[in-house]
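If you want the building blocks of each chain, they are given just below.
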Amino acid sequence: MSSKPTLRDIAEATGVSTASVSMILNGKSLERFSSQRVASVLAEAERIGYRTPSARCAGKQIAVLSPSVSNPYHTKMITGIDAAAHAAGYHTAIYNTYWNPRTESHLLDTLDYSRVAGIIFAMTPIQTAKVRELSRRVPIVAVGDRVTDCGIDTVDVDNFGAAQLVAKHLIDLGHKRIAYLSTALNEHHVSRMRRGEGLQDAYRRWCPEGSVTICSHVNSLEAEITTPDLEYRSGMELAYNMVAFGVLDALQREGYRVPEDFSLCGFDNVTTSGYQRIQLTTVDNNTFSHGKSAFNLLLERIEDGLNSREDQPINRVEYHSRLIVRGSTGKPRSGGL
């Protein structure tokens, strides 16, 4: 027998095919085999120390629920989660929800919890009641604005404060009237709403003679699923981040200059922000670190054992956002905005 136990070793010892051994060990179609045959295969697997791939992975999988991996923001966060998980001997499985409450609910109902050690939401959960109840059985961590208390550990993103950094920068440059362009603004997109609120609050306090115009682009759930560059396209339509890149292209196509005619800011500091011909002023929310911290919080829950007591403390981690000033912002033109 080889040094590492195999299906063939069990098959040769019990006189059945490797396909039959595989079905028995994975609990499939057991009615096709006699009880003696099943017992002999299981006994031989135990004797030589063979474990199925699913058994070897049992309890080592982290389910990551993300709105869409096509968005560089979530990709960067998931990369952080995956790096920390890999270092700890866990692997990740990514599930897209596309901001659909029914999809999120279905995933939570159908995950194989014999394999899943914990769940990380790469956004604020939509099904808060279900998540709160499920967290009594499975460790769960979420990354997002802490607006609705789900009763779980969170890595908090202060999008309100991030927006105020942008507003203060623009006010200091002399911009009195600005527009906030975003894809859908509703209760499912808390981060986008908090950014708009942060901008408005900042202008009320620091530039009361100015104004913030909010423009949003409503997309269907089908569009969220079938359009990988949805935010870019929305930015193009709203002007005539990922949204910021669409605006930049739209302005340039119309003959406007950035920052001479318009200043442009984005959020999240996605990788391409610094690679454009006109580099984008943006807010860095430490997205990669958010992902790593989310997994580390989850690992603490996994290793400590789940505790469903009502007085169980809830852990929260928050990073300070920082504004990265690049070439897309400048003082307004004479008589401009």
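Thresholds applied
- Residues numbered from 1 in each chain as written.
- Predicted model: local features only at pLDDT ≥ 70, side-chain atom pairs only at ≥ 80, totals over all residues.
- Heavy atoms only, no water.
- Pairing = 2+ DSSP bridges.
- Helix = DSSP H or I, 4+ residues; strand = E, 2+ residues; numbered from the N terminus.
- Axes fitted to C-alpha atoms, helices over the stretch in contact; angles between N-to-C directions.
- Core = buried A, V, L, I, M, F, W, Y, C linked by side-chain atoms within 4.5 Å.
- Buried < 20%, exposed > 50% of the residue type's maximum accessible area, 1.4 Å probe, protein only.
- Expected span 1.5 Å × (residues − 1).
- Arc of directions from axis to C-beta.

Caption draft 1: Fine view of the sheet that holds strand 8 (residues 265-267). Pairing is mixed across the open sheet formed by three strands, whose spatial order is 8-9-11. Unpaired on one side and paired on the other, strand 8 and strand 11 (322-324) mark the two borders of the sheet. Taking the axes of each pair of neighbouring strands and ignoring which way they run, one obtains an average angle of 25° across the sheet. Relative to strand 9 (residues 281-284), strand 8 runs parallel, the two being bridged by three bridges.

Caption draft 2: Highlighting the sheet that holds strand 4 (residues 140-144). The strand order across the open sheet built from six strands is 2-1-3-4-5-10, with neighbouring strands paired in parallel fashion. The open sheet has two free edges, formed respectively by strand 2 (91-96) and strand 10 (316-318), since each of these has just one partner strand. Pairwise comparison of adjacent strand axes, ignoring direction, gives a mean angle of 20° for this sheet. Note: strand 5 (residues 153-156) against strand 10, three bridges, orientation parallel. Of the residues in strand 10, the one forming a bridge with Asp 156 is Glu 318.

Caption draft 3: Structural context of the nonpolar core. Ranked by internal contacts, the top residues of the largest apolar core, which has 21 residues, are Ile 62, Met 77, Tyr 90, Ile 120, Val 143, Ala 294 and Phe 295. Breaking this core down by element, the ones donating at least two residues are strand 1 (61-66), helix 5 (72-87), strand 3 (116-121), strand 4 and helix 13 (287-304). A per-element tally of this core places helix 5 first, with six residues. With 17 residues, the next largest nonpolar core counts Ala 63, Leu 108, Ala 142 and Ile 152 among its residues.

Caption draft 4: Local environment of helix 5. Look at helix 5: 23 Å from first C-alpha to last across 16 residues, which is about the 22 Å you get at 1.5 Å a residue. Within the sequence span of helix 5, burial applies to Tyr 73, His 74, Met 77, Ile 78, Gly 80, Ile 81, Ala 84 and Ala 85. For helix 5, the arc enclosing every buried residue in end-on projection is 150°, short of the 170-degree limit, so these residues lie on one face. For helix 5, exposure combined with an orientation more than 90 degrees from the buried face picks out His 86 and Ala 87.

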